[in-house]
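The lines below spell out each chain.
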Amino acid sequence: MIEAAALLSALVGKWEDFVIILVMLFVNAGVDLWQEGRALSALKVLKEKLAKKALVLREGRWIEVDAREIVPGDILKLKIGDIVPADAKLIGGGDFLLVDQSALTGESLPVTKKPGDVVYANSVVKQGEMLAVAVATGLETYFGQTVRLVARAEREERSHFQQLVIQVGNFLIGMTLVVVGVMIVVELGRGTPWSELLRFSLVLTVAAIPVALPAVLTVTMAVGALCLAKKQVIVSRLAAIEELAGVDVLASDKTGTLTQNRMTVADPYVVGGFRPEDLMFFAALASKEENRDPIEEPIFEWLKKRGLYERLKAWRQLKFVPFDPVRKRTEAVVEGEGKRLVVTKGAPQVILELSHPAGFDREAVVAKIEAFAEDGFRTLGVAFREEGEEAFRFVGLIPLFDPPRPDSKDAVAEAKRYGVEVKMVTGDNVAIARYIARLLGIGDRILSARELKGETYEEYAVLAEVIAEALYRVEGLDEKAAAEKAAKIAELVKKELEDRKLPQGFVKRHESEIIRLIEEANGFAEVFPEDKYFIVDKLQRAGHIVGMTGDGVNDAPALRKADAGIAVSGATDAARAAAALVLLAPGLRVIVRALEIARQIFGRMEAYTV
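Residues numbered from 1 in each chain as written. Predicted model: local features only at pLDDT ≥ 70, side-chain atom pairs only at ≥ 80, totals over all residues. Heavy atoms only, no water.

A look at the overall build of the chain
Keep this limit in mind: Secondary structure follows DSSP: runs of H or I at least 4 residues long count as helices, runs of E at least 2 residues long count as strands, and numbering of each begins at the N terminus. Relative accessibility decides the category of a residue: with a 1.4 Å probe and only protein chains considered, values under 20% of the type maximum give buried, values over 50% give exposed, and everything between is partly exposed. We call two residues contacting when some pair of their heavy atoms lies within 4.5 Å. With residues, only the protein chains shown are counted as cover, and all accessible areas are computed by Shrake-Rupley using a 1.4 Å probe.
Helices and strands together make up the secondary structure of the chain, namely 24 helices and 23 strands. For the chain, with 610 residues in total, the buried portion stands at 48%. Taking contacts inside the chain between residues at least 6 apart in sequence as the whole, the part at least 24 apart equals 66%. Carbon together with sulfur atoms contributes 55% to the accessible area of the chain, which is approximately 29,800 Å² in total.

Looking at helix H16 (residues 430-440)
By the criterion of burial, H16 is predominantly enclosed, with eight of the eleven residues buried. Buried within H16 we find Val430, Ala431, Ile432, Ala433, Tyr435, Ile436, Ala437 and Leu440. Where H16 ends, the next residue or the one after it, Gly441, has phi of about 80°, a positive value.

Points about the environment of Arg516
As for its placement among the helices and strands, Arg516 is situated in helix H20 (residues 511-520). Overall, Arg516 belongs to the partly exposed group, its relative accessible area being 38%. The spatial distance from the C-alpha of Arg516 to the C-alpha of Lys538 is 9.4 Å, given a sequence separation of 22 residues.

Points about the sheet that holds strand S10 (residues 249-253)
Note the cut-off: By this definition, two strands are paired if DSSP reports at least two bridges between them. Each axis is a line fitted through C-alpha atoms, taken for helices only over the stretch in contact, and angles between the N-to-C directions span 0 to 180 degrees.
Pairing is mixed across the open sheet formed by eight strands, whose spatial order is S9-S23-S22-S21-S10-S18-S20-S19. Here the strands that pair on one side only, and so sit at the sheet edges, are strand S9 (233-235) and strand S19 (446-448). Here the average twist between neighbouring strands, direction ignored, is 20°. In this structure, strand S18 (residues 421-425) lies alongside strand S20 (residues 523-525), joined through two bridges in parallel fashion. Along S20, the bridge assignment pairs Met424 with Gly523. Of the strands in this sheet, S18, S19 and S20 are in contact with H16, which crosses S19 at around 160°.

Quick word on the side chain of Asp563
Selection rule: Identification of polar contacts relies on pairs of N or O atoms within 3.5 Å, with a donor-acceptor requirement for protein atoms, meaning one able to donate a hydrogen and the other able to accept it, and with residues adjacent in sequence counted only if both atoms are side-chain atoms.
Looking at where Asp563 falls in the secondary structure, it is placed in the loop between helix H22 (556-561) and strand S22 (564-567). In this structure the side chain of Asp563 is engaged in a polar contact, spanning 3.4 Å, whose partner is the side chain of Gln540. Here Val546 takes part through its backbone nitrogen, which lies 2.8 Å from a polar atom of the side chain of Asp563.

What about the packing of H20 against helix H21 (residues 529-541)?
Short version of the rule: For classification, angles of less than 35 degrees are called roughly parallel, those exceeding 145 degrees roughly antiparallel, those between 65 and 115 degrees roughly perpendicular, and all remaining angles oblique. Ten residue types, Ala, Val, Leu, Ile, Met, Phe, Trp, Tyr, Cys and Pro, are classed as nonpolar, four, Asp, Glu, Lys and Arg, as charged, and the remainder, Gly among them, as polar.
It is at 10 Å that the axes of H20 and H21 come closest, and there the two elements cross at 100°. As summarised for this structure, H20 and H21 are arranged roughly perpendicular, according to the angle between their axes. Only Phe534, Ile535, Lys538, Leu539 and Arg541 of H21 make contact with H20, whose side of the interface consists of Glu511, Ile514, Ile515, Ile518 and Glu519. When grouped by side-chain class, the residues that make up the contact of H20 with H21 number six nonpolar, no polar and four charged.

Things to note about the pattern of salt bridges
Quick reminder of the rule: By salt bridge we mean one thing: a side-chain nitrogen of Lys or Arg within 4 Å of a carboxyl oxygen of Asp or Glu.
Following the criterion strictly, the structure yields 31 salt bridges and no others. Taking the shortest distance from any N to any O, the salt bridge between Glu337 and Arg311 comes out at 3.5 Å. Here the residue Glu337 occupies a position in the loop between strand S14 (329-336) and strand S15 (339-346), and Arg311 occupies one in the loop between helix H12 (297-305) and strand S13 (315-321), the gap between them amounting to 26 residues. Between Lys561 and Asp537 there is a salt bridge; the shortest N-O distance is 3.4 Å. Within this pair, whereas Lys561 is found in helix H22, its partner Asp537 is found in helix H21, the two being separated by 24 residues in sequence. The two residues Lys561 and Asp537 agree in class, both being buried. Here the residues in one salt-bridge network are Arg316, Glu335, Arg340 and Glu387, joined through shared partners.

Points about unusual backbone geometry
We note that Glu59 has phi near 55°; this positive angle belongs to a residue other than glycine. Here Glu59 is to be found in the loop between strand S1 (53-58) and strand S2 (61-66). Assessed through its relative accessible area of 80%, Glu59 is described here as exposed. One non-glycine residue, Lys328, lies in positive phi territory at about 60°.

Details of a nonpolar patch on the surface
Test applied: Patch criteria: residues need more than 30% relative accessible area and no salt bridge. Like-charged residues are merged within 9 Å; nonpolar side chains of Val, Leu, Ile, Met, Phe, Trp and Tyr are merged within 5 Å.
A grouping of Val178, Val182 and Val186 is seen on the molecular surface, where their side chains present a nonpolar patch of about 250 Å² in accessible area. Topologically, Val186 is positioned in helix H6 (residues 160-189). Residue class for Val186 comes out partly exposed when judged on its relative accessible area of 40%.

Function cannot be read off these values alone, since they describe shape.
So this is what it looks like as structure tokens:
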């Protein structure tokens, strides 16, 4: 558009206009180049994250090779500290692996993998040693799909700002052509020479083309970017300011954005006359502080806040057996205050089995464990015994969770006042996602990612309930009793199906129904990178302008795909490279402030355009 105006100015000999238009053209291009020069390459950063070397069995001996040389079928040795070089199936050589796959799923805690399980490329082995067979390499791995999605998002990148400028320009050019056409018809009827008509037509066309519009809007956004920088928001793509101003749906990552990204002790549950202080003390004795285990650190913090930490110094740990997925508990032999004790903590059901049933109501404890599980808490059971005793004495339960940030609830409410709906997106399970969403006032309609893919088990649960109720009625139970028993069976069926892969394509949903589900949901749990990308894409197809927050490698595709991708404070290089805006201060409130400023900037741009 600007180039056409410059050419027309030269044709009619308006050299002053020609020079001014060229200056505006170079200013506009210069600001864009400067902004792009500051931006990181998301694809480059992601490729740097890939594993470099791997230990592979070749010709009967173990050799170290470049990770890019691995092919499906290769036997790999995975040990503590290794970056998994390919998607691989564990085949033995050990009991388990403790794997940090936060780069892929965003889960804050390592997960346990046993023989037969698949470990994903670019995850990190935290504990254990096993053999595995490579099943996928390169772009065919889960991590490779993340790189592929980022590249796809870059190809499909759209800018409402650019579309707006083009639409305004096209409208004015169209109006100009109509006016020029009418003028030519009228003036030819009056006998005006063609040379004169051509001169006036060119002058009118140059005057009507808004040559200053792109330059003014770009400079306005550049000034706005400086204003946002003072509010701890760095803009890597100028057009993101206009996109942020129009955002009506904000898909927010849970861990680190809405929550504090650290495990915290909720209200402990004790039995048999024990106090919470006793429970936490025994749990600390069954821990090793120097290991800095994310599950154990909150226990020591709890004692320090209440001035009880000094009591631990009177005790000496003689033996410590760390947690492993087989025993599912830690155990320590400790000595102090004239006693020698064996203390243990771990999976509540395991600790209960080791404990003597006297002194507490077992059914009440089991009910409490289930209540904690429904809220998504990670629960530890604690027990101890004196040396010589066979059974442990059960002390109580420690519920752990990642608490919301203090300002998150107010920030969510403020975003709603601006007309922005906040949808929580997390790799955690549905229970904890629903609990956090409820605390923050986001809502409790949380969907599992499998429901978006059509892998829903609700139909199976309903069918199971109907059949079970009919069978109980045939057996002679009354309607109420049959319905209660059938409901329990349906709930068990749902729990069983959660860990099973349903037949592909058995349950199908139309795209319009999927979009409706996404629009109505308050959040999504158990999501992978492709799920986040899928959610953003469907919301955009429904006409929404979508903001997306994230901090990890797994968030990069969705950050790039979103209209306003926002990398939160402490984000990885991959997330910052993919995002259009980078936050230097933590929390959702910074985003709300940025939204407010972006709308002010857009108001100025709109006023000038009009």
